[in-house]
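Residues per chain, in single letters:
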Amino acid sequence: MKNPWQKALIEAITDPKELLEVLELPHDLLSEMINASKLFPLKVPRSYMARMQKGNRHDPLLLQVLPIDLEEKEVNGYAKDPLEEKKYNPVPGLLHKYKSRVLLTMTGVCGVHCRFCFRRHFPYNDNNPGKSGWNDVISYIANDTSIHEVILSGGDPLAMNDHLLSDFTEKLAEIPHLKRLRIHTRMPIVIPERVNDELITWISQLSLKTTVVIHCNHTNEIDADVKLGLAKLAQSGALLLNQSVLLKNINDNVETLCELSENLFAAGVLPYYLHVLDKVQGAAHFDIDRDTAKQLHVELTARLSGYLVPRLVKTTPGAPAKLSIYT
Ligand SMILES: *Cc1c(COP(=O)(O)O)cnc(C)c1O
Ligand code: SF4
């Protein structure tokens, strides 16, 4: 028997025609959806789709998942590996790019396929540790005492089942210099059923201080089920943070960003990062120019309490951290 969340993952919409029909959208979108989903398949969980407005082709949630022709356009300056991550990949499944922390690509599976994702071309199949590769990951971390934090990422680490996750963190817990665990996940937003009792038990019992960084881009993503899941996560003792990506026609205005911060906080989540888009091939149509991004952030800062303002950052290859857009 599958858990409800696993069922939701399997039953996500992958057929362009079905998405159009359920959302009552015009059929003229179909051929470009089919073409663009050859590069990166369509994947939309049903509960996420239910938060979209029927008949609205500009719905801010729909725009994040709708495959379109513009993805096939080659644009100067947009690369398949914009962050040059291959350089920081000492063992399969592990990225050691910044000091004191490593990021693990635990799985290539996600609950949703975001069209702007910088990992859309990532060679997950070569870079999934799988159970056998985990020993190499663990020994790498155990052998470097400068590492204090492990970030579970992906794909989406919460697309993995709770047994695998807890087996893995049991091994991590034996490494004396590790202090913190971080989970980067969009699952509590796109498949809120994922926040079940098993997950909460796992997090509550972790000996490492745990942070969960969710990925929410628009306040319409936060419905009653999402709020319930976030409340449970907060009770597990984890610190809850959010990262968003600044996306053209989706959240690139002050009202939308203010509302997002307010509603995240009401749900127990602090805004952490607002990323400008990583220049990945196929996503140029989501990009906002840096001056506009900066101006938006200035206005946001003038409107909100300091702790509700996410840091506006960009990822620069070779830099020692994600850089504030002001530097
Ligand atoms: C974003 C990222 C981190 C974490 O950076 P923080 O600024 O600590 O949130 C770590 N490793 C990699 C490879 C990353 O991309
Ligand atoms: S959930 Fe995250 S990793 Fe997965 S496609 Fe969306 S942005 Fe990319």
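Just above, that's the structure.
Predicted model, so just to flag it, every value in this text is computed and none were measured.

Undergrad: An account of the pairing of strand E6 (residues 239–245) is needed here, citing residue identities and associated values.
TA: For E6, the tally of buried residues reaches six of seven residues, placing the bulk of the element in the interior. Where strand E5 (residues 209–215) and E6 come together, five bridges link them in parallel fashion. Within E6, the position partnered with Thr 211 by the bridge is Leu 239. The β-α-β motif built from E5, the intervening helix H10 (residues 224–235) and the parallel element E6 has right-handed crossover chirality. In this structure, E6 lies alongside strand E7 (residues 270–275), joined through five bridges in parallel fashion.

Undergrad: Just give me the short version of the pattern of salt bridges, but keep the residues and values in it.
TA: By the definition in use, this model includes 13 salt bridges. Between Glu 18 and Arg 46 there is a salt bridge whose closest N-O contact spans 3.0 Å. With Glu 18 in helix H2 (residues 16–22) and Arg 46 in helix H4 (residues 46–49), the pair connects residues that are 28 residues apart, well separated along the chain. Overall, the relative accessible area of 27% leaves Glu 18 in the partly exposed class. The exposure class assigned to Arg 46 is partly exposed, which follows from its relative accessible area of 36%. For Arg 51, the salt bridge goes to Asp 223, with nearest N and O atoms at 3.4 Å. Taken as a pair, Arg 51 in the loop between H4 and helix H5 (62–65) and Asp 223 in the loop between E5 and H10 lie far apart in primary sequence, 172 residues in all. Given a relative accessible area of 11%, Arg 51 falls into the buried group. Because the salt bridges share partners, they merge into one network encompassing Glu 149, Arg 180 and Arg 182.

Undergrad: Run through helix H3 (residues 30–39), naming residues and quoting values.
TA: Listed as buried for H3 are Leu 30, Met 33, Ala 36 and Ser 37. Seen end-on, H3 carries its buried residues on one side only, within an arc spanning 135°. What points out from H3, more than 90 degrees from its buried face, is the exposed set Ser 31 and Lys 38. Where H3 is buried, its residues meet H2.

Undergrad: Any chance you could break down the packing of aromatic side chains for me, citing the residues and the numbers?
TA: Two descriptors summarise a pair of aromatic rings, namely the distance from one centre to the other and the angle between the planes of the rings. For the coordinates displayed, the defined rule picks out four aromatic pairs. Summarising the aromatic geometry, the rings of Trp 134 and Phe 168 are spaced 4.8 Å apart at their centres and angled 55° between planes, so their arrangement reads as tilted. Taken as a pair, Trp 134 in helix H6 (residues 130–142) and Phe 168 in helix H7 (residues 162–173) lie far apart in primary sequence, 34 residues in all. Judged on exposure class, the residue Trp 134 and its partner Phe 168 are both buried. The aromatic ring of Trp 5 is capped on one face by Arg 194, whose charged end is 4.1 Å from the ring centroid.

Reading the values: rules and limits
- Residues numbered from 1 in each chain as written.
- Chains lettered and ligands numbered in written order.
- Predicted model: local features only at pLDDT ≥ 70, side-chain atom pairs only at ≥ 80, totals over all residues.
- Heavy atoms only, no water.
- Buried < 20%, exposed > 50% of the residue type's maximum accessible area, 1.4 Å probe, protein only.
- Helix = DSSP H or I, 4+ residues; strand = E, 2+ residues; numbered from the N terminus.
- Pairing = 2+ DSSP bridges.
- Right-handed = clockwise from strand over helix to strand, strands pointing away.
- Salt bridge = Lys/Arg side-chain N within 4 Å of Asp/Glu carboxyl O.
- Arc of directions from axis to C-beta.
- Contact = heavy atoms within 4.5 Å.
- Phe/Tyr/Trp six-rings, centres within 6.5 Å; stacked < 30°, edge-to-face > 60°.
- Lys NZ or Arg CZ within 6 Å of the ring centre and 35° of its normal.

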